[in-house]
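The primary structure of each chain is shown beneath.
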Protein chains: 2
Amino acid sequence: MTTPLEIVRQFINLIETKEIDLALALLDPNISYENMPTKPVVGIDNVGRVLTGFLGPASQVDWRIISECAAGDTVYNERLDRFMINGVWLDLPIAGVFKVAGGKIILWRDYFDMGTYMTQFSKIMKPSGDEPA
Amino acid sequence: MTTPLEIVRQFINLIETKEIDLALALLDPNISYENMPTKPVVGIDNVGRVLTGFLGPASQVDWRIISECAAGDTVYNERLDRFMINGVWLDLPIAGVFKVAGGKIILWRDYFDMGTYMTQFSKIMKPSGDEPA
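Predicted model only: the values in this text are computed from it and were never measured.

Draft legend 1. A look at the side chain of Asn-77 of chain A. Residue and element names in this part refer to chain A. With respect to the element layout, Asn-77 can be found in strand 4 (residues 74-85). Of the residues examined, Asn-77 reaches a relative accessible area of 2% and is grouped as buried. Side-chain polar atoms of Asn-77 contact the side chain of Arg-79, separated by 3.2 Å. Setting aside residues up to four positions removed in sequence, Asn-77 forms contacts with Val-8, Ile-65, Ser-67, Glu-68, Ile-94, Ala-95, Gly-96 and Phe-98.

Below, the structure is given as structure tokens:
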């Protein structure tokens, strides 16, 4: 019997290896994926599209679980989600809350600061040699 | 014996009633208060100043604990922190991580989106009747 904590860990590991189809297989058809600064993404196909989109530019994905906790079917983790893009690590501190039902993840909420992501992403995407005049 | 979960709940309740001195009495002298989008605030006096500053404009404070979890000395909660400012509720989804040592909170990390706060705050602070020309 796989515990909710183990299911969430498996899911995170599959994200890191970009095995998106295997990761999606751990989700309930009614999955709601809620990046708190934006609108919820509902259903496995939509979650797949979003994950493919934001993992795409990353040559390496390293989502470190700093600490975690489970209460019944709910799992909490504190993470540092790292993306290697154009040879530079983008680091995003996140707190995640997951709910598991019938062995599948049915709710995934990530709390983070969008500005922390965007500031790094813009810098990484800026053409090199672009210095103030 | 008060559990870490109970200490964190007491702390949140004292924030809601704006009993800041009683809230600060639950903190360890080495408290690190980390709003993840910004720099850590260290020490009881500094935390007191920050709390006084951002609770100040609120006529009511309602920090709802949506769910929570404890693993040893670490407490996780998912919250909706609400501030009534100029007669309007500002709602901020937050995930908090607290560490308790010797009955006092020594680490308090809040994960949230600064843009979600600032957008609402700016709107509330905007002079009324200010419409596009």
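There's more to say after this.
Draft legend 2. How the structure looks around helix 3 (residues 44-55) of chain B. Residue and element names in this part refer to chain B. Between its first and last C-alpha, helix 3 extends 16 Å over twelve residues, near the 16 Å set by a 1.5 Å rise per residue. Among all positions of helix 3, only Val-47, Gly-48, Leu-51 and Leu-55 are buried. Each buried residue of helix 3 lies within a common arc of 105° when the element is viewed along its axis, so the set occupies one face. Opposite the buried face of helix 3, at more than 90 degrees from it, the exposed residues are Asp-45 and Arg-49.

Draft legend 3. The pairing of strand 1 (residues 27-35) of chain B, seen in detail. All names here are of chain B. Within strand 1, seven of the nine residues are buried, which leaves it mostly tucked inside the rest of the structure. Sheet analysis places strand 1 next to strand 6 (residues 104-111), joined by five bridges and oriented parallel. Across the sheet, Ser-32 pairs through a bridge with Leu-107, a residue of strand 6. Two strands pair when backbone bridges link them, and strand 1 and strand 2 (residues 41-42) are joined in this way by two bridges, in the antiparallel orientation.

Draft legend 4. Representation of the nonpolar core. One finds Phe-11, Leu-51, Ile-105 and Trp-108 of chain B to be the most contacted residues of the largest nonpolar core, which totals 34 residues. No other element matches helix 1 (residues 4-16) of chain B, which puts seven residues into this core. Not counting chain neighbours up to four residues away, the residues in contact with Leu-51 of chain B comprise Ile-15, Ile-20, Leu-24, Tyr-33, Gly-56 and Trp-108 of chain B. Residues Leu-26, Ala-58, Phe-98 and Tyr-117 of chain A belong to the second largest nonpolar core, which totals 33 residues.

Draft legend 5. Quick peek at the interface of chain B and chain A. Each partner contributes to the interface: chain B provides 20 residues, whereas chain A provides 20 residues. Looking at the side of chain B facing chain A, the largest losses of area belong to Tyr-76, Glu-78 and Tyr-111 of chain B, adding up to 38% of the total buried there. Scanning the region where chain B abuts chain A turns up two salt bridges. Note that Arg-109 of chain B is salt-bridged to Glu-78 of chain A, the shortest N-O span being 2.5 Å. For the interface between chain B and chain A, the tally reads ten residue pairs in polar contact (both at pLDDT 80 or more). Elements supplying a minimum of two residues to the side of chain B that touches chain A: strand 3 (60-71), strand 4 (74-85), strand 5 (88-101), strand 6 and helix 4 (114-125) of chain B. Considering every element that reaches the side of chain B that touches chain A, the biggest residue donor is strand 3 of chain B, with five residues. A breakdown of the residues in the side of chain B that touches chain A according to their chemical character gives 13 nonpolar, three polar and four charged.

Draft legend 6. Layout of the pairing of strand 5 (residues 88-101) of chain A. All names here are of chain A. By the bridge criterion, twelve bridges tie strand 4 to strand 5 in an arrangement that is antiparallel. What sits directly across from Val-75, in strand 5, is Phe-98. Here strand 4 hands over to strand 5 after two residues, with Asn-86 in that stretch at a positive phi of 50°. Relative to strand 6 (residues 104-111), strand 5 runs antiparallel, the two being bridged by seven bridges. Across the sheet, Phe-98 pairs through a bridge with Trp-108, a residue of strand 6. The turn joining strand 5 and strand 6, which pair antiparallel and follow one another in sequence, is formed by two residues; a positive phi near 60° is taken by Gly-102.

Draft legend 7. Examining the environment of Glu-19 of chain A more closely. Residue and element names in this part refer to chain A. Locating Glu-19 in the fold gives a position in the loop between helix 1 (4-16) and helix 2 (20-24). Measuring from C-alpha to C-alpha, the distance between Glu-19 and Asp-81 comes to 16 Å, with 62 residues separating the pair along the chain. At 2.6 Å, the side chain of Glu-19 forms a polar contact with the side chain of Thr-17.

Draft legend 8. Focus on unusual backbone geometry. A positive phi angle, close to 50°, is found at Asn-86 of chain A, a residue other than glycine. Looking at where Asn-86 of chain A falls in the secondary structure, it is placed in the loop between strand 4 and strand 5. Given the relative accessible area of 56%, Asn-86 of chain A is considered exposed. Despite not being glycine, Lys-18 of chain B shows a phi value in the positive range, around 55°.

Parameters and conventions
Residues numbered from 1 in each chain as written. Chains lettered and ligands numbered in written order. Predicted model: local features only at pLDDT ≥ 70, side-chain atom pairs only at ≥ 80, totals over all residues. Heavy atoms only, no water. Helix = DSSP H or I, 4+ residues; strand = E, 2+ residues; numbered from the N terminus. Buried < 20%, exposed > 50% of the residue type's maximum accessible area, 1.4 Å probe, protein only. Polar contact = N/O pair within 3.5 Å; in protein donor to acceptor, adjacent residues only side chain to side chain. Contact = heavy atoms within 4.5 Å. Expected span 1.5 Å × (residues − 1). Arc of directions from axis to C-beta. Pairing = 2+ DSSP bridges. Core = buried A, V, L, I, M, F, W, Y, C linked by side-chain atoms within 4.5 Å. Buried area = accessible area lost by both parts, 1.4 Å probe. Salt bridge = Lys/Arg side-chain N within 4 Å of Asp/Glu carboxyl O. Nonpolar A, V, L, I, M, F, W, Y, C, P; charged D, E, K, R; others polar.

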